[in-house]
Amino acid sequence: MNDFLKLGSLELSSRVLLGTSRYPSREILLSALQASQAELVTVSVRRVAMATNEENIYEVLRARGLHLLPNTAGCFTAKEAVLTAELAREALETDLIKLEVIADEDTLLPEAEELLKAARLLVASGFTVLPYTNDDPVLACKLADAGCAAVMPLGSPIGSGLGISNPHNLALIKARVHVPMIIDAGLGTASDVTQAFELGADAVLLNTAVARAIDPVGMARAMHHAAKAGRGAYLAGRMPKRLLAEASSPMEGRIKTAG
């Protein structure tokens, strides 16, 4: 059965999105991308090589058939984020944007009011907006209602590797929004990815968990398989949880002794 992820007009067969920063080398980055089987990768507009002899990383990625998802990392206001998105659309010729508006440099948590303001402005300008947000069901619903193509709640703080801190809220978001839910930030290893999909995530976005692994290529491959397993388990439907034991063998026909 085909199981595609649809983000605006883009249709993907892979549900693992991968970031492209902090890898030990370009060669390891490209090998990790191949191992993860990602089709959509995040890139920073600030990393464009304008006047160097080094091959433009964006052209390298596109030559491998990858779709680019520019982000507005480092923006603190809606105005900054909108300007960055417009520059990205001009430079990379894509309407896709990963919207980030952060509150401070210590937590890197989203600034809710500015994030929602920027999302509305960018949707009105024709962008396919994927906003990085708190694990807040109310804010997620507002972003979806504003026209965002997906919502991207954090699992835990960016780069922390703490995994999923609040599975209850993520389950609430999944139940309430009408767009895909992509878990973004805080996932640290393959079991975190599996849990994200078992909670109903439509995709995960990974960067530090792969880039900072001892073996980034091996971790990327593990993340691919974890996503497949978690998604498969979610679609299959887990058994109900019980407080008491339930025998798997029938009770009829048991051997009984007298006395």
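Reading the values: the criteria
- Residues numbered from 1 in each chain as written.
- Predicted model: local features only at pLDDT ≥ 70, side-chain atom pairs only at ≥ 80, totals over all residues.
- Heavy atoms only, no water.
- Helix = DSSP H or I, 4+ residues; strand = E, 2+ residues; numbered from the N terminus.
- Contact = heavy atoms within 4.5 Å.
- Areas by Shrake-Rupley, 256 points an atom, 1.4 Å probe, with all protein chains shown as cover.
- Lys, Arg positive; Asp, Glu negative; His and termini not counted.
- Charge placed at Lys NZ, Arg CZ, Asp CG, Glu CD.
- Phe/Tyr/Trp six-rings, centres within 6.5 Å; stacked < 30°, edge-to-face > 60°.
- Lys NZ or Arg CZ within 6 Å of the ring centre and 35° of its normal.
- Disulfide = S-S within 2.5 Å.
- Salt bridge = Lys/Arg side-chain N within 4 Å of Asp/Glu carboxyl O.
- Buried < 20%, exposed > 50% of the residue type's maximum accessible area, 1.4 Å probe, protein only.
- 1 Å grid on protein atoms, 1.4 Å probe; cavity = no way out; pocket = protein on both sides within 12 Å on 5 of 7 lines; lining within 4 Å.
- Points joined across faces, edges and corners; volume = space filled by probe spheres on them.
- Nonpolar A, V, L, I, M, F, W, Y, C, P; charged D, E, K, R; others polar.

Moving on, we get to the overall build of the protein chain. A tally of regular secondary structure across the protein chain gives 9 helices and 10 strands. Expressed as lengths along the three principal axes of its C-alpha atoms, the size of the protein chain is roughly 90 × 40 × 40 Å. By sequence separation, contacts in the protein chain at least 24 residues apart represent 64% of the contacts at least 6 residues apart. When the accessible surface of the protein chain is summed, it comes to about 13400 Å², and 52% of that surface belongs to carbon and sulfur atoms. Taking the average place of the 25 positive charges on the side chains of the protein chain and the average place of its 29 negative ones, the gap between the two points comes to 7 Å.

Before going further, it helps to examine the packing of aromatic side chains. For any pair of aromatic rings, the description rests on two quantities: the centre-to-centre distance and the angle between the ring planes. Applying the stated rule across the entire model yields 0 aromatic pairs. Sitting over the ring of Phe 127, Arg 89 keeps its end group 3.8 Å from the ring centre.

What follows concerns the state of the cysteines. Per the counting criterion, the structure on display carries 0 disulfides. Summary of cysteine pairing: Cys 75 is not part of a disulfide, and the nearest cysteine sulfur, belonging to Cys 148, is at 15 Å. Of the cysteine sulfurs around Cys 141, a residue in no disulfide, the closest is that of Cys 148, at 12 Å.

Bringing the pattern of salt bridges into the picture now. Inspection of every chain in the model, using the stated rule, returns 7 salt bridges. Where Asp 95 meets Arg 89, a salt bridge forms, and the shortest distance between an N and an O atom there is 3.4 Å. Residue Glu 246 pairs with Arg 242 through a salt bridge whose shortest N-O separation is 3.8 Å. Arg 242 carries the same exposure label as Glu 246, and that label is exposed. Within the structure, one salt-bridge network assembled from shared partners comprises Asp 3, Arg 15 and Arg 231.

Counted as a void, the largest pocket has a volume near 640 Å³. In this structure, the largest pocket is lined by 30 residues; those nearest its centre are Ser 21, Lys 98, Glu 100, Ile 158 and Asn 207. Among the secondary structure elements, those contributing two or more residues to the lining of the largest pocket are strand S4 (40–44), strand S10 (203–206) and helix H8 (208–211). No other element matches S4, which puts 3 residues into the lining of the largest pocket. Considered class by class, the residues forming the lining of the largest pocket number 10 nonpolar, 14 polar and 6 charged. Taken as a whole, the second largest pocket spans an internal volume of roughly 290 Å³. If you go around the second largest pocket, you meet 15 residues; those closest to its centre are Asp 3, Ser 13, Ser 14, Arg 15 and Lys 228. It is helix H9 (residues 216–236) that provides the largest number of residues to the lining of the second largest pocket, a total of 6 residues. By residue class, the composition of the lining of the second largest pocket is 5 nonpolar, 6 polar and 4 charged.

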